[in-house]
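As a plain string of letters, each chain reads:
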Amino acid sequence: MPGHVAAGCLALIGVQTLVSDDLEIIRRVLQGEIDSFAELIARYQQHVAKITNRHVPSDRVAEVAHDVFVRAYTSLSSFSGQTPFEHWLSGIAVRTCYDFWRARRREELPVSALTTEHQAWMDHVLAAESDDQFREEARRQEATELLQWALGHLSAENRLVLTLVHLDGYSVREAANMLGWNVVNVKVRAHRARQMLRTLLLERKRQEDDTTQR
Amino acid sequence: MTRLNDENLKKVERALTEAHRLRQEPSLGADWTFRVMRDIRREAAGHGQSMMFPGLDRLVWRTAAVAAVLALVFTGSVLFYTSRDVVDLTALLSNEVDVVVPLSE
């Protein structure tokens, strides 16, 4: 057996063992061994932190990930075991992030303002000639802040769909499964949200150009 | 100053996507796990019954409408059959008040 095929088989066996282990842990938790839930937290906390980190501000990741596991525990009896626990948990994580933005929208917190440095960043990106230069610009704080500024202008629904489909690169079907929405709804929202992002960037650039010309 | 045409817009979008993917991975730590487990134990203490009988909560919701109708019928019948007794009791109480001898006598 060639090496890569053997490695593939071992990886598959590893995944299957993990899935059956998850089911065994879940069974124990449902029978009242609550402390066994800590094993699931240890296994999946990095996975959940990764998802929440892509959707909520860095200083709120721990709080939202906390809510994800408490929610997962309270709805554990509804886990059918037909899909891997990791997928089921991903759906809870994404929906918890959605609730975070819905609650925040109600609070009507102000969207952070942009400075001239953020405005200049777009020119630097467009002027980047090599891939290295381009990546260097993407690593700058201004890039993250400009993205957060733009996302801050979108509704919770559009924000989430845009992040999942256009930024994370999930397919429309995968995003729909995670959100528990239908595929057409996600497709329409993904298109609409991208148009909104483009309009925001264009308006921002136009304003900047007008200011420079004066 | 560069105009933002369709091609340039795509370049900015690509840079923003790259920025999103380059976000630093957070680490949650042992204290975080401890706090989550503490809340889960608290939750379990409150909802111990439903966790011991998986699916019980769903069963309760499915039968909620029937339970509500039964409760209404029961309340209605209790009121109907006891209304006469209530009138008698009220009359008895009012008689008792009438026959109380004032303290001044």
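Definitions and cut-offs
- Residues numbered from 1 in each chain as written.
- Chains lettered and ligands numbered in written order.
- Predicted model: local features only at pLDDT ≥ 70, side-chain atom pairs only at ≥ 80, totals over all residues.
- Heavy atoms only, no water.
- Helix = DSSP H or I, 4+ residues; strand = E, 2+ residues; numbered from the N terminus.
- Buried < 20%, exposed > 50% of the residue type's maximum accessible area, 1.4 Å probe, protein only.
- Areas by Shrake-Rupley, 256 points an atom, 1.4 Å probe, with all protein chains shown as cover.
- Contact = heavy atoms within 4.5 Å.
- Buried area = accessible area lost by both parts, 1.4 Å probe.
- Salt bridge = Lys/Arg side-chain N within 4 Å of Asp/Glu carboxyl O.
- Polar contact = N/O pair within 3.5 Å; in protein donor to acceptor, adjacent residues only side chain to side chain.
- Phe/Tyr/Trp six-rings, centres within 6.5 Å; stacked < 30°, edge-to-face > 60°.
- Lys NZ or Arg CZ within 6 Å of the ring centre and 35° of its normal.
- Axes fitted to C-alpha atoms, helices over the stretch in contact; angles between N-to-C directions.
- Parallel < 35°, antiparallel > 145°, perpendicular 65-115°, else oblique.
- Nonpolar A, V, L, I, M, F, W, Y, C, P; charged D, E, K, R; others polar.

Enquirer: Please give an account of the overall build of chain B that cites residues and values.
Expert: Counting secondary structure elements, chain B contains 5 helices and 0 strands. From first element to last, N terminus to C terminus, chain B shows the α and β order α-α-α-α-α. Counting the 105 residues in chain B, one finds 21% classified as buried. When the accessible surface of chain B is split by element, carbon and sulfur atoms take 63% of a total near 8,300 Å².

Enquirer: How would you sum up the interface of chain A and chain B? Please name residues and give values.
Expert: Residue-level contacts link 54 residues of chain A with 41 residues of chain B. Counting the surface lost from both chain A and chain B, the interface buries some 4,500 Å², and carbon and sulfur atoms represent 65% of this. The interface formed by chain A and chain B contains 3 salt bridges. With its nearest N and O atoms 3.3 Å apart, the salt bridge here joins Glu 13 of chain B to Arg 198 of chain A. Linking chain A with chain B are 13 residue pairs in polar contact (both at pLDDT 80 or more), by the criterion used here.

Enquirer: Could you give me a rundown of the packing of aromatic side chains, with the residues and numbers involved?
Expert: Inspection of every chain in the model, using the stated rule, returns 9 aromatic pairs over all chains. Considering the side-chain rings of Phe 79 of chain A and Phe 85 of chain A, the 5.6 Å spacing of their centres and the 90° angle between planes classify their relative orientation as edge-to-face. Comparing Phe 79 of chain A with Phe 85 of chain A shows no difference in burial state: the two are buried. Grouped by ring-pair contacts, the aromatic residues Phe 37, Phe 69 and Tyr 73 of chain A together with Trp 32 of chain B constitute a single cluster. Positioned above the aromatic ring of Trp 101 of chain A, the side-chain terminus of Arg 159 of chain A is 3.5 Å from the ring centre.

Enquirer: Tell me about the environment of Phe 74 of chain B, and name the residues and values.
Expert: By the secondary structure assignment, Phe 74 of chain B is in helix α5 (residues 64-99). For Phe 74 of chain B and Met 37 of chain B, which are 37 residues apart along the polypeptide, the C-alpha to C-alpha distance reads 43 Å.

Enquirer: Any chance you could break down the packing of helix α5 (residues 116-127) of chain A against helix α7 (residues 141-151) of chain A for me, citing the residues and the numbers?
Expert: Residues and elements named next belong to chain A. One can describe the packing of α5 onto α7 by two numbers: an axis separation of 9 Å at closest approach and a directional angle of 105°. Compared by their axis directions, α5 and α7 come out roughly perpendicular. On α7, the residues touching Glu 117, His 118, Trp 121 and Met 122 of α5 are Glu 142, Ala 143, Glu 145 and Leu 146. Here the contact of α5 with α7 is composed, by residue class, of 4 nonpolar, 1 polar and 3 charged.

Enquirer: Describe the pattern of salt bridges, listing the residues and the values that go with them.
Expert: Residues and elements named next belong to chain A. The tally for this structure, following the rule as stated, stands at 16 salt bridges over all chains. Between Glu 24 and Arg 27 there is a salt bridge, with the nearest N and O atoms lying 2.7 Å from each other. Here Arg 27 and Glu 24 lie together in helix α1 (residues 3-30), a separation of 3 residues that amounts to about one turn. In this structure Glu 24 comes out as partly exposed when scored by relative accessible area, which is 32%. Arg 140 is the partner of Glu 142 in a salt bridge, and the nearest nitrogen-oxygen pair spans 3.3 Å. The exposure class of Glu 142 is buried, given its relative accessible area of 12%.

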